[in-house]
Amino acid sequence: MKTVCVLGIIEILYSIIQLFGFVPDNFHYAYFSGSLNNPAIFGMLLSFCTPIAVYYAVKTAGAEQMTWKAMAMAFGVFVILSDSRTAILASICGIAIILRMEVNPLRKFICDRRYRLIGITCVTIALIALYIYKRNSADGRVLIWMVSMEMIKDKPWFGWGFDGYVAQYMNYQADYLTAHPDSPFVLLADETQNPFNEFLHVALIYGIPCAVAFVFVTLWTIWHIYAKVKEHKSVLLCTVCVLVVWFMFSYPLNIPFVWLIILFMFLSTITRTVKPPMPKLCMTLVQTTGFACMYSLYVTGAHDIRKLCLQERATNHCDEEIMKEYEEIYKEYYDDYMFIYNYGTLLHLRGEYKKSLEVLNAGKKYLSDYNMMLLIGDDYQKLKQYDLAIASYKRAGEMIPSRYLPLYYRMELYLETGDMEKAYEIANMIINKKNKIKESKLNQQIINKAKECLNY
């Protein structure tokens, strides 16, 4: 686990260098985002490091203890600077477990009813403060969970498949918000490709039975560490606790280093406390599974690298040769939603609107997306199929009702067709529209266009 802390220090140093512009930072909405250019993932790594550093600060002495104390303080400060509420909550829970199990004087206070009540009160206040700090974001996740539950209701036993969430979520969100136009969540709806809860995610893609099994494995792991493990029990329990907090509010299973932490925990607990029957056979099975996973990763990686290289070349220079390659591999990547979106966009930019529509409409089976609906609408508009264009723009507006672009494109379409009455109606809707980021530059430009339309 000390290795995790070393990685945490490296990430902190990288983020500091990043702050001064010595290394690229592609995430422009936070000061500290780390090498993965995501402050949530940066906070995720540090939330694992913080309680581990506290553990060694408690267990060591002298100069080593001072070093671990300094590291713990550094991790704690940068967890806060990551601006991730889940990272803060996970760190607090992990530290609480370490202190409860390793610092004997604290046990007397915890057993005292008065101090326990004070502790519960402090935790409650902290949770409320974290909610209020980013209330819109928290409420937005509640909307995602509610819509995800609607998806689970329709396919409870076997789920929607691995990419089923991406293929269906935005359609479900559009239907939900259309059915509840007065919902307080209307202004908070946005695009998402993950439900921000791993238990829900497993239920969505594999079904409720698999989600129940996932919960059971998680609870069994906690029990097994508490009851069976003797060495480093507290640090293993706090790591599981941090992981569970992230399971409830984010997508840690999408992050490679989390799987390495899970593998370490497995090797540290199961292999030391469980003696498998026929160890040679078990070892053979483990090795075979490992080789199969490595081969699968190689095949998947090679498949993705080919696509990404083509997309990179198309970004720099898109010519007939590039488009010919896209057409050649389309049959192989027809179910890859990112490839479909990029291919359809390139066709649109080259003025091949009919072919773009064929690709994007076929891709609706694998991707429900706000931007793709706008693109489809623009294809229809360029082909003078105005009714279908309006339907596409409306669907995009239903997916994210707070956005101005679907209304703007409808207004422009009505101006193009000379239907001034409907253009004025849409212009008034734009001007009177409620929006949480009305002051953004793009939104102000759209509002000014609507005012020009009304003064026409």
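A brief structural summary. (Residues numbered from 1 in each chain as written. Predicted model: local features only at pLDDT ≥ 70, side-chain atom pairs only at ≥ 80, totals over all residues. Heavy atoms only, no water.)

1. Notes on the overall build of the protein
What counts is decided by this rule: Under the scheme used here, helices are H or I runs from DSSP no shorter than 4 residues and strands are E runs no shorter than 2 residues, and both carry numbers assigned from the N terminus. When a residue's accessible area, from a 1.4 Å probe over protein chains only, is under 20% of the maximum for its type it is buried; when over 50% it is exposed; and in between it is partly exposed. Here a residue-residue contact requires only that any non-hydrogen atoms of the pair lie within 4.5 Å. Note on areas: these come from Shrake-Rupley sampling with a 1.4 Å probe, and a residue is covered only by the protein chains present in the view. His is not counted here, nor are the chain ends, while Lys and Arg score as positive and Asp and Glu score as negative. Positions of charges follow a simple convention, taking NZ of Lys, CZ of Arg, CG of Asp or CD of Glu.
Helix and strand counts for the protein come out as 21 helices and zero strands. Once the C-alpha set of the protein is aligned to its principal axes, its extents read approximately 80 × 55 × 50 Å. Split into buried and exposed, the 456 residues of the protein put 41% on the buried side. Of the contacts made within the protein by residues no fewer than 6 positions apart, 64% connect residues no fewer than 24 positions apart. For the protein, the accessible surface area stands at approximately 25800 Å², while carbon and sulfur atoms represent 65% of it. Considering the protein, the positive charge centre built from 45 side chains and the negative charge centre built from 41 side chains are found 12 Å apart.

2. Overview of the pattern of salt bridges
Inclusion rule: Put simply, a salt bridge is a Lys or Arg side-chain nitrogen that is within 4 Å of an Asp or Glu carboxyl oxygen.
Under the defined criterion, the tally for this structure stands at twelve salt bridges. As a salt-bridge pair, lysine 384 and glutamate 416 come within 3.6 Å of each other at their nearest N and O atoms. Remark: glutamate 416 occurs in helix 19 (residues 405–417) and lysine 384 occurs in the loop between helix 17 (370–382) and helix 18 (386–399); sequence separation between them is 32 residues. Assessed through its relative accessible area of 54%, lysine 384 is described here as exposed. Glutamate 416 sits in the partly exposed class, given a relative accessible area of 41%. It is possible to trace a salt-bridge network through shared partners that takes in Asp175, Arg395 and Glu398.

3. Quick look at the packing of helix 8 (residues 164–179) against helix 18
Quick reminder of the rule: The angle between two axes is taken between their N-to-C directions and runs from 0 to 180 degrees, where each axis is a line fitted to C-alpha atoms and a helix contributes only its stretch in contact. Relative orientations are named as follows: roughly parallel for angles under 35 degrees, roughly antiparallel for angles over 145 degrees, roughly perpendicular for angles from 65 to 115 degrees, and oblique for any other angle. Note on residue classes: Ala, Val, Leu, Ile, Met, Phe, Trp, Tyr, Cys and Pro are nonpolar, Asp, Glu, Lys and Arg are charged, and everything else, Gly too, is polar.
Across the interface, helix 8 lies against helix 18 with an axial gap of 7 Å and an inter-helix angle of 80°. Between helix 8 and helix 18, the angle falls in the class roughly perpendicular. Packed against helix 8, whose contacting residues are Met170, Asn171, Gln173, Ala174, Asp175, Leu177 and Thr178, the element helix 18 presents Arg395, Glu398 and Met399 at the interface. Partitioned by chemical class, the residues of the contact of helix 8 with helix 18 number four nonpolar, three polar and three charged.

4. Description of the nonpolar core
The line we're drawing: Joining through side-chain atoms within 4.5 Å is the link that ties buried Ala, Val, Leu, Ile, Met, Phe, Trp, Tyr and Cys residues into a set, and such a set is a nonpolar core.
Ranked by size, the top nonpolar core spans 120 residues in total, and within it Phe48, Phe75, Phe257, Tyr326, Met411 and Ile430 carry the most contacts. The element that contributes the greatest number of residues to this core is helix 2 (residues 39–59), accounting for 13 residues.

5. Quick look at helix 16 (residues 353–363)
For an α-helix, the turn length of 3.6 residues means that residues three or four places apart are oriented alike. Regarding helix 16, the residues found buried are Ser356, Leu357, Val359, Leu360 and Gly363. Where helix 16 is buried, its residues meet helix 15 (337–349) and helix 17.

6. Remarks on the state of the cysteines
Formally: The disulfide definition used here is simple: a pair of cysteine sulfur atoms within 2.5 Å.
Summed over the entire model, instances satisfying the criterion amount to zero disulfides. The closest cysteine sulfur to the non-disulfide-bonded cysteine 241 is located on cysteine 93, 4.6 Å from its own sulfur.

7. Things to note about the packing of aromatic side chains
Two aromatic rings, taken as a pair, are described by how far apart their centres are and by the angle between their planes. Stated formally: Working definition: rings of Phe, Tyr and Trp (its six-membered ring) pair if their centres are within 6.5 Å, and the pair is stacked with planes under 30 degrees apart, edge-to-face with planes over 60 apart, and tilted otherwise. Two thresholds decide whether a charge sits over a ring: the Lys NZ or Arg CZ must be within 6 Å of the ring centre and within 35 degrees of the ring normal.
Inspection of the entire model under this criterion finds 18 aromatic pairs. Aromatic side chains tyrosine 56 and tryptophan 68 sit 4.8 Å apart centroid to centroid with 25° between the ring planes, which places their arrangement in the stacked category. One end of the pair, tyrosine 56, is in helix 2; the other, tryptophan 68, is in helix 3 (residues 62–81), with twelve residues separating them in the sequence. For tryptophan 68, a relative accessible area of 7% puts it in the buried group. Taken together, the aromatic side chains of Tyr326, Tyr330, Tyr333, Phe339 and Tyr343 make up a single cluster linked through ring pairs. The side chain of lysine 155 reaches across the aromatic face of tryptophan 160, ending 4.4 Å from its centre. Seen from the ring of tyrosine 370, arginine 403 lies directly overhead, with NZ or CZ sitting 4.8 Å from the centre.

8. Details of helix 8
Put simply, the rule is: For a helix, the expected span equals 1.5 Å multiplied by the number of residues minus one.
If you check helix 8, its first and last C-alpha atoms are 22 Å apart, about what 16 residues at 1.5 Å a residue would give, namely 22 Å. Among the structural elements, helix 7 (135–154), helix 9 (198–206), helix 15, helix 17 and helix 18 are those in contact with the buried residues of helix 8.

9. A closer look at the environment of glycine 8
Here glycine 8 lies in helix 1 (residues 2–19). For the pair formed by glycine 8 and isoleucine 431, sequence separation is 423 residues and the distance between their alpha carbons is 48 Å. Glycine 8 has contacts with Leu45, Leu46, Cys49 and Phe75, leaving out every residue within four places of it along the chain.

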